[in-house]
Amino acid sequence: MNCRGCSFMRIIAGTAKGTRLKMVPGQHVRPTADRVKESLFSVLGPFFEGGWALDLFAGTGSLGLEALSRGIEHTIFIDQSRTSLDIVRSNVKACKMESQAEFYCKDARAALRVLEQRGIQFRLIFLDPPYQKPLLLPILKQISKSQLLADEGVVVAEHLSRQQPPACVDLLTSYRQLSYGDTMITLYRKGRHS
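An account of the accompanying structure is given in this report.

Cut-offs and rules
Residues numbered from 1 in each chain as written. Predicted model: local features only at pLDDT ≥ 70, side-chain atom pairs only at ≥ 80, totals over all residues. Heavy atoms only, no water. Salt bridge = Lys/Arg side-chain N within 4 Å of Asp/Glu carboxyl O. Helix = DSSP H or I, 4+ residues; strand = E, 2+ residues; numbered from the N terminus. Buried < 20%, exposed > 50% of the residue type's maximum accessible area, 1.4 Å probe, protein only. Core = buried A, V, L, I, M, F, W, Y, C linked by side-chain atoms within 4.5 Å. Contact = heavy atoms within 4.5 Å. Phe/Tyr/Trp six-rings, centres within 6.5 Å; stacked < 30°, edge-to-face > 60°. Lys NZ or Arg CZ within 6 Å of the ring centre and 35° of its normal.

## Points about the pattern of salt bridges
In a structure, side chains of opposite charge can pair up when their charged atoms sit close to one another. Across all of its chains, the model carries four salt bridges by this definition. Among the salt bridges present, the one from Lys37 reaches Glu66, with a minimum N-O distance of 3.6 Å. Of this pair, Lys37 sits in helix H1 (residues 34-44) while Glu66 sits in helix H2 (residues 62-69); the two residues are 29 residues apart in sequence, bridging distant segments of the chain. Between Asp151 and Lys190 there is a salt bridge; the shortest N-O distance is 3.4 Å. Taken together, the residues span a long stretch of sequence, with Asp151 in strand E7 (residues 149-160) and Lys190 in strand E10 (residues 183-190) at a distance of 39 residues. Here Asp151 falls in the exposed class, since its relative accessible area comes to 60%. Here the residues in one salt-bridge network are Lys37, Glu66 and Arg70, joined through shared partners.

Dropping the structure here:
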């Protein structure tokens, strides 16, 4: 989400609360605003007891770092942009969480295939693809057909409010939508509507 007027971002809660995060230069990255993160994590659960998170299209790494700060055990950050991934590494270091993070400079779909081969399952998958590219639905389908999402896991899909994804994507079903102006977050879990 655009954060015009924001001079910095920060970790809102948990062990790294208050840590300022570097921003990615340029207009191609939309960091999720602090108020949106606060609202999102109040819905997901303010704190966690372990589990892994995946931050696809990581940008600044803000969502994956917020999850780590709130008790997620390990986060994998993926971004195709080396510049973005360098910013993520810097932000992870600022939060003193280097031992809890992994980084892939890869196309999201290729990275998902690698992670599935590793047999990893995620409690949280943050999915915030560039709005101008038709990536959201194909990646939701890929996640659904894989074993990457833990049984009680949640996919957090950020998108334009006018471009709503379907309520069901194969084995994923949306159970909540959060609206913030022209940005919307759709939350998915495994299982179909009954």
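## Some remarks on the nonpolar core
Of all hydrophobic cores here, the largest spans 31 residues; its most connected members are Leu40, Leu44, Leu65, Leu124 and Phe126. Those elements that provide at least two residues to this core are H1, H2, helix H3 (82-94), strand E6 (122-127), E7, strand E9 (172-180) and E10. Excluding residues that lie within four positions of it along the chain, Leu40 makes contacts with Leu63, Phe126, Val156, Leu178, Tyr180, Ile185 and Leu187. Judged by nonpolar contacts, the second largest core, of 26 residues, contains Leu54, Phe57, Ile78 and Val155.

## Observations regarding the packing of aromatic side chains
If you walk through the whole model with that rule in mind, you get three aromatic pairs. Considering the side-chain rings of Phe41 and Phe48, the 6.3 Å spacing of their centres and the 75 degrees angle between planes classify their relative orientation as edge-to-face. The residues Phe41 and Phe48 share a single accessibility class, namely buried. An angle of 20 degrees between the planes, with centres 5.9 Å apart, marks the rings of Phe77 and Phe103 as stacked. Residue Phe77 is located in strand E4 (residues 74-78), and its partner Phe103 is located in strand E5 (residues 101-104); the two are separated by 26 residues in the primary sequence. Residue class for Phe103 comes out partly exposed when judged on its relative accessible area of 23%. Grouping aromatic residues by their ring pairs yields a cluster made of Phe41, Phe48 and Phe126. Positioned above the aromatic ring of Tyr175 is the side chain of Arg189, whose terminal nitrogen or guanidinium carbon lies 4.1 Å from the ring centre.

Without other data, these values stay purely geometric and don't point to any function.
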